[in-house]
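This is what each chain is made of:
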Amino acid sequence: MAAVELEWIPETLYNTAISAVVDNYIRSRRDIRSLPENIQFDVYYKLYQQGRLCQLGSEFCELEVFAKVLRALDKRHLLHHCFQALMDHGVKVASVLAYSFSRRCSYIAESDAAVKEKAIQVGFVLGGFLSDAGWYSDAEKVFLSCLQLCTLHDEMLHWFRAVECCVRLLHVRNGNCKYHLGEETFKLAQTYMDKLSEHGQQANKAALYGELCALLFAKSHYDEAYKWCIEAMKEITAGLPVKVVVDVLRQASKACVVKREFKKAEQLIKHAVYLARDHFGSKHPKYSDTLLDYGFYLLNVDNICQSVAIYQAALDIRQSVFGGKNIHVATAHEDLAYSSYVHQYSSGKFDNALFHAERAIGIITHILPEDHLLLASSKRVKALILEEIAIDCHNKETEQRLLQEAHDLHLSSLQLAKKAFGEFNVQTAKHYGNLGRLYQSMRKFKEAEEMHIKAIQIKEQLLGQEDYEVALSVGHLASLYNYDMNQYENAEKLYLRSIAIGKKLFGEGYSGLEYDYRGLIKLYNSIGNYEKVFEYHNVLSNWNRLRDRQYSVTDALEDVNTSPQSTEEVVQSFLMSQNVEGPSC
C-alpha cells in the first residue's frame, strides 16, 4: 500500500517550473544537485509522484544527496513517503546509505577532529531518520560508526557526543529487541558520563534513563523500570527538547501502568499526548507514539472501547506517514488487533481483530527474520483470536484446523520468549497461560492445568499475589476446574480470589468480573446451591447496570487537547507523590 499523500500544494507557477525540471531530469540531473535543499527535494518528490522510482532511488542512494535532502526539515513527512516507496519497490536505500556512511567514517579515521565532528552530525541526522522510519538495523550501523569516530579522540566534546550516540544506539537496539546489547550500550554511556563528571561536566540523563526504562519494561523488569522512570523524570529541565520530554513521559506512564499506579499514569500520558500534538501536530509520527501509549493505558484501566478508537487513530497516522511494509505500521496493527479482540470478546465478532493481526505478521515477516522476537506478540494475538473463532465454529474439521494453527503459533511465541527472556519472566508466563487456555479448548485438561499452574507460579513470584496478571491466570484455572474437571471447591476459591483482585484494582465495574460471576453461577447450579445462584444473578445484574453508567461512549481525546498544567507542574506533581509515598522498589 502506498503512503497516503499529505497536503503539498506549492504555488502553481512554481509547481510548473518543478514539473519542467523533472521532464528534463536526465539533462538537468547535475544542476538539480546544486539547488537549495527545499527545491531539490520538491524535484525528487515530483519524481516520486510520477512513479519514477528507479531514478529517485539512484539519487537517494547517494549519501551526499540524501544528507542534503535531510536538511529540508519541513518536508520530513513527505520524505518518509518517498523513502518507504523505494523500500517497497525493492530499492535497499536504507542499507545502501548505512553502508556508505560506514565506509566514509573508515576513510576519515585519520582526518582532523573537525572533519570527524561534521561526519558525526551527519550520522546523527541520517541515523535518526532511519530510526524514525523503523529501519533499526541500518540505523544501528550508522550510530556504531559515529561511536567509533567518537572514541578516536579522548577529549570532552567527544565524550558528550559519545553519550548522545549511546542514547540513540540504545533506542534502536530497544526497537530491534537487542536487549543484551542495549544493556551494554547503557553501561558504555555511564562510563562517558563518569568521565564528564570527573571533569566537572554534566550531560542531561533524561533521554538515557528513559531508554533504560523502555529496555527494562520490554524485559518485564517492572520494578526496575519504575525506579529508572523516576530518575528520568528528575532529569526533565527547562530547555530540554520536546521529543525527549514526550518520550520520558510516555515511558514513565507505561511503567506506572504495570505498577498499577493508574492516576499517575493518566496524568503523564495525557500530558505527553498534549505536548506531542501541540508541538509536532496531529499528523506526526511522534503524536502516534503517544496515542499508542494512551491506548495502552486505556486498555489497562478497562476502558476498552476508547482504547480501540485511540489505537485506530494511531494506525491511521502511521499509515498516512509511512504506508507500505513498515515496522511502525505493523506494531500499530498488532495493538489494534489485541484491543479489538478484547473489545469483541463477548460478541464473538473477530474479523476486524484477525485482519489486523494478520497484517502485523505479514509486514513483520516481510521485513525481519522469521525468528525475530517482535513476531512473538503478533503470533500470540492471532492465536488468541483463532482459538475464539474455533470455539464458535460448527464445523468440527475447521475447528480442529484452527485450534492446531493456534497451537503452533503459541508454541512458536513461547520459544521466542524463552530464548529472549528465559523461563522466569512475565512474558514467558503469559505464553504458558495462553497455552493453558488453548489446551482447555482442545480438551487436553491435564496439560491445561499444568500450564495454568506454571503461569500462576511465575507471575506470583515476579508480580506479587494480587496483580492483575495473576488474577487473569487464576480466573482461567478456575474456569478449567469448573467447566471441565468438576473440581468445584477449588474453582470457587479461585473465582473469589480473582474477583477480589479485580475489584481492588479496577473497582466494581471491571469488565473481567463478568466471566467470574457467570462461572460462579454455573458452579453453584452444578452443586445445587440455588441461593448462591440467585445471589450472583443479582450481582451480575448490578454489574451490568454499573457498566452502562460507567462507560458511556465519550471522546478519549477530548480532555487532552488542552493541558491545565505545565510540564514543570506535571513533573513536580509526580516527583512529590514519590516523596509522600516513599520508596516503591
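It should be emphasised that the depicted structure is a prediction, and the values quoted were computed from it without experimental measurement. (Residues numbered from 1 in each chain as written. Predicted model: local features only at pLDDT ≥ 70, side-chain atom pairs only at ≥ 80, totals over all residues. Heavy atoms only, no water.)

### Structural notes on the overall build of the protein chain
- Per the secondary structure count, the protein chain includes 28 helices and zero strands.
- Taking 585 residues into account, the globule formula puts the C-alpha radius of gyration at 25 Å, and the protein chain, at 26 Å, falls close to it.
- Dimensions along the principal axes, computed over C-alpha positions, put the protein chain at roughly 90 × 60 × 45 Å.
- Classification of the 585 residues of the protein chain by burial places 54% in the buried group.
- A total accessible area of about 26,000 Å² is found for the protein chain, and carbon and sulfur atoms account for 51% of it.
- Averaging the coordinates of the 65 positive side-chain charges in the protein chain and doing the same for the 74 negative ones gives two points 3 Å apart. (Helix = DSSP H or I, 4+ residues; strand = E, 2+ residues; numbered from the N terminus. Rg over C-alpha atoms; globule rule 2.2 N^0.38 Å. Buried < 20%, exposed > 50% of the residue type's maximum accessible area, 1.4 Å probe, protein only. Areas by Shrake-Rupley, 256 points an atom, 1.4 Å probe, with all protein chains shown as cover. Lys, Arg positive; Asp, Glu negative; His and termini not counted. Charge placed at Lys NZ, Arg CZ, Asp CG, Glu CD.)

### Side note on the layout of surface pockets
- The space that makes up the second largest pocket amounts to roughly 340 Å³.
- Met87, Trp135, His366, Ile367 and Leu368 are the residues nearest the centre of the second largest pocket, which is lined by 18 residues in total.
- Looking at the lining of the second largest pocket, the elements with two or more residues in it are helix H6 (76–89), helix H9 (136–150) and helix H19 (351–367).
- In the lining of the second largest pocket, the residues fall into seven nonpolar, seven polar and four charged. (1 Å grid on protein atoms, 1.4 Å probe; cavity = no way out; pocket = protein on both sides within 12 Å on 5 of 7 lines; lining within 4 Å. Points joined across faces, edges and corners; volume = space filled by probe spheres on them. Nonpolar A, V, L, I, M, F, W, Y, C, P; charged D, E, K, R; others polar.)

### A look at the nonpolar core
- Counting residues in each nonpolar core, the largest one holds 198 residues, and the members touching the most others are Phe60, Phe83, Met233 and Tyr294.
- Here the element with the most residues in this core is helix H14 (residues 242–258); it accounts for 10 residues. (Core = buried A, V, L, I, M, F, W, Y, C linked by side-chain atoms within 4.5 Å.)

### Here's the deal with the environment of Glu64
- Counting through the fold element by element, Glu64 comes out in helix H5 (residues 63–69).
- The exposed category is assigned to Glu64, whose relative accessible area is 53%.
- Along the chain, Glu64 and Ser100 lie 36 residues apart, while their C-alpha atoms are 9.8 Å from each other.

### Side note on the UniProt feature "repeat: TPR" (unreviewed entry) in the protein chain
- Per the UniProt record, the feature "repeat: TPR" (unreviewed entry) sits at residues 429–462.
- Strand forms 0% of residues 429–462 and helix 91%; the C-alpha atoms that close the span are 10 Å apart. (UniProt positions renumbered as here; feature names shortened; annotations may be inferred.)

### Comments concerning the state of the cysteines
- Counted according to the given criterion, the structure contains zero disulfides.
- With no disulfide of its own, Cys165 lies 5.0 Å from the sulfur of Cys146, the closest cysteine sulfur. (Disulfide = S-S within 2.5 Å.)

### Things to note about the packing of helix H12 (residues 206–218) against H14
- It is the contact of H12 with H14, at a shortest axis distance of 9 Å, that shows an interaxial angle of 35°. In this structure, H12 crosses over H14, and the sense of that crossing is left-handed. For the pair H12 and H14, the contacting residues are Ala206, Ala207, Gly210, Cys213, Ala214 and Phe217 in the first and Val244, Val248, Gln251, Lys254, Ala255 and Val258 in the second.
- Taken together, the residues of the contact of H12 with H14 break down into nine nonpolar, two polar and one charged. (Axes fitted to C-alpha atoms, helices over the stretch in contact; angles between N-to-C directions. Left-handed = near helix turned anticlockwise from the far one by under 90°. Contact = heavy atoms within 4.5 Å.)

### Here's the deal with the confidence of the model for the protein chain
- Residues of the protein chain with pLDDT of at least 70 account for 96%, and the chain-wide mean is 91.
- The low-confidence segment residues 1–6, where pLDDT is below 50, has 22 contacts with residues more than four positions distant or belonging to other chains. (pLDDT = per-residue confidence, 0-100.)

### Section: the environment of Ser307
- Residue placement: Ser307 occurs in helix H17 (residues 304–321).
- In this structure, the C-alpha to C-alpha distance between Ser307 and Val21, residues 286 residues apart in sequence, is 47 Å.
- Those residues in contact with Ser307 that sit more than four places away from it in its chain are Gly295, Leu298, Leu299 and Ser339.
- Separated by 2.7 Å, the side chain of Ser307 and the backbone oxygen of Ile304 make a polar contact. (Polar contact = N/O pair within 3.5 Å; in protein donor to acceptor, adjacent residues only side chain to side chain.)

### Side note on the packing of aromatic side chains
- Applying the stated rule across the entire model yields 22 aromatic pairs.
- Taking the centre distance of 5.7 Å and the plane angle of 50° together, the rings of Phe217 and Tyr222 count as tilted.
- A residue is classified by how much of its surface remains accessible, and Tyr222, at 11% relative accessible area, is buried.
- The side chain of Arg168 reaches across the aromatic face of Phe124, ending 4.6 Å from its centre.
- Residue placement shows Lys522 over the ring face of Tyr483; its charged tip is 5.4 Å from the ring centre. (Phe/Tyr/Trp six-rings, centres within 6.5 Å; stacked < 30°, edge-to-face > 60°. Lys NZ or Arg CZ within 6 Å of the ring centre and 35° of its normal.)

### Description of H17
- Between its first and last C-alpha atoms H17 spans 26 Å; for 18 residues at 1.5 Å apiece the expected length is 26 Å, and the two agree.
- Within H17, 13 of the 18 residues are buried, leaving the element largely enclosed by the surrounding structure.
- Remark: Gly323 follows H17 within two positions and exhibits a positive phi of approximately 60°. (Expected span 1.5 Å × (residues − 1).)

### Focus: the side chain of Lys254
- You can see Lys254 is positioned in helix H14.
- Note on Lys254: relative accessible area 16%, which makes it buried.
- Look past the residues within four positions of Lys254 in its chain and what remains in contact with it is Phe217, Asp293 and Phe296.

### Details of the environment of Leu53
- Its place among the elements puts Leu53 in helix H4 (residues 53–60).
- Along the primary structure Leu53 and Leu546 are separated by 493 residues, whereas in three dimensions their C-alpha atoms are 57 Å apart.
- Setting aside residues no more than four positions away along its own chain, Leu53 makes contact with Tyr48, Ala85, Leu86 and His89.

### Brief notes about the packing of H14 against helix H16 (residues 285–300)
- Look at H14 against H16: their axes get within 10 Å of each other, and the N-to-C directions meet at 15°. Between H14 and H16, the interaxial angle falls into the category roughly parallel. H14 and H16 meet at a crossing whose hand is left-handed. Facing H14, whose interface residues are Lys243, Val246, Asp247, Arg250, Lys254, Val257 and Val258, H16 presents Lys286, Asp289, Thr290, Asp293, Phe296, Tyr297 and Asn300.
- When the residues that make up the contact of H14 with H16 are grouped by side-chain class, the tally is five nonpolar, two polar and seven charged. (Parallel < 35°, antiparallel > 145°, perpendicular 65-115°, else oblique.)

### A short note on the side chain of Asp293
- Looking at the secondary structure, you find Asp293 in helix H16.
- Not counting residues within four places of it along the chain, the set of residues in contact with Asp293 comprises Arg250, Lys254 and Ile269.

### Observations concerning unusual backbone geometry
- If you check the backbone angles, Arg260 has positive phi at about 60° while not being a glycine.
- Among the structural elements, Arg260 can be located in the loop between H14 and helix H15 (262–280).
- Judged by its relative accessible area of 16%, Arg260 is buried.
- The backbone phi angle of Asp302 is positive, close to 75°, even though this residue is not glycine.
- Within the element layout of this structure, Asp302 appears in the loop between H16 and H17.
- Overall, the relative accessible area of 4% leaves Asp302 in the buried class.

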